[in-house]
Amino acid sequence: METEQKSIRALKCEQSVLSRADGSVMFSQGNTVVMASVYGPLEAKIQKELSDRMYVEVNYKPKIGMPGVAERGKEKLVKTTCNHIILTNLHPRTAVCITIQEMQDGGTLLSASINAVCLALLDSGLPLQCLVAAVTCLVDKKDKIVLDPCIRTVKEGYKAMFTFAFDSQKYNLILSHCEGQVPYTLFQEAMELCQKASHIIFDFYRQAVIRKFSKELL
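Since the model is a prediction, treat every value here as computed from it, not as a measurement.

How each quantity is defined
- Residues numbered from 1 in each chain as written.
- Predicted model: local features only at pLDDT ≥ 70, side-chain atom pairs only at ≥ 80, totals over all residues.
- Heavy atoms only, no water.
- Helix = DSSP H or I, 4+ residues; strand = E, 2+ residues; numbered from the N terminus.
- Rg over C-alpha atoms; globule rule 2.2 N^0.38 Å.
- Buried < 20%, exposed > 50% of the residue type's maximum accessible area, 1.4 Å probe, protein only.
- Contact = heavy atoms within 4.5 Å.
- Lys, Arg positive; Asp, Glu negative; His and termini not counted.
- Charge placed at Lys NZ, Arg CZ, Asp CG, Glu CD.
- Salt bridge = Lys/Arg side-chain N within 4 Å of Asp/Glu carboxyl O.

A. Geometry of the overall build of the protein. Scanning the protein from terminus to terminus reveals 4 helices and 10 strands. Starting at the N terminus and walking to the C terminus, you meet the elements of the protein as β-β-β-β-β-α-β-α-β-β-α-β-β-α. Computed over its C-alpha atoms, the radius of gyration of the protein comes to 17 Å, within 12% of the 17 Å expected for a compact globule of 218 residues. Dimensions of the protein, computed from the C-alpha atoms along their principal axes, are close to 50 × 45 × 40 Å. Buried positions account for 48% of the 218 residues belonging to the protein. The contacts of the protein with a sequence gap of at least 6 include a subset with a gap of at least 24, amounting to 66%. Looking at charge distribution, the protein has the averaged site of its 26 positive side-chain charges lying 2 Å from that of its 23 negative ones.

Here's what the structure looks like:
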């Protein structure tokens, strides 16, 4: 199996972009741009109150129009990831509201959204048991694995597209999302490639936190 692209696209972020949010970030991965904001812990509504943990609510807003089935799917996947990394048991009977605003679709919106939310959670100061890094890759029609594909590559067609999310402790798999069908050996190779690429994202998080606190100390 050949690998066409061996690294992820350029990463950029700006934290605390919204004054009224507890945590926020403008995050770009190549030409893909999303803004994530965190509000909470807040008082939970009665129908959403959980006696043993915090309720996590995720809202995904597309660039144009109202949210549809695709957006609801992204919300569910991001929520699953957040429930894994947030120490929800420390804030029972409360809620946290996470909003993702799509600014520009340059490909791999799901992984960019997860990474943006992780940075926004860091900015908010909510207690986390680990960080998370999401990476997307696809298998094109020539059986080449393309890491972090741009929108043009995606539109050219593919046999399968994978999004994996890994934790920062032992790089264990937290989330796996697949579109398409390929042999298991190919799936395993794609996952290992994305796992190695996740180290780049974790390094980016560290640099982002260092930059933020360096500015605050000046």
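B. Structural detail: the pattern of salt bridges. In the structure shown here, the tally under the stated rule is 8 salt bridges. The residue Glu57 makes a salt bridge to Lys48 at a minimum N-O spacing of 3.3 Å. Glu57 sits in the partly exposed class, given a relative accessible area of 25%. Looking at Lys48, the relative accessible area reads 26%, which means it is partly exposed. A salt bridge links Glu75 to Arg72, with the nearest nitrogen and oxygen atoms 2.8 Å apart.

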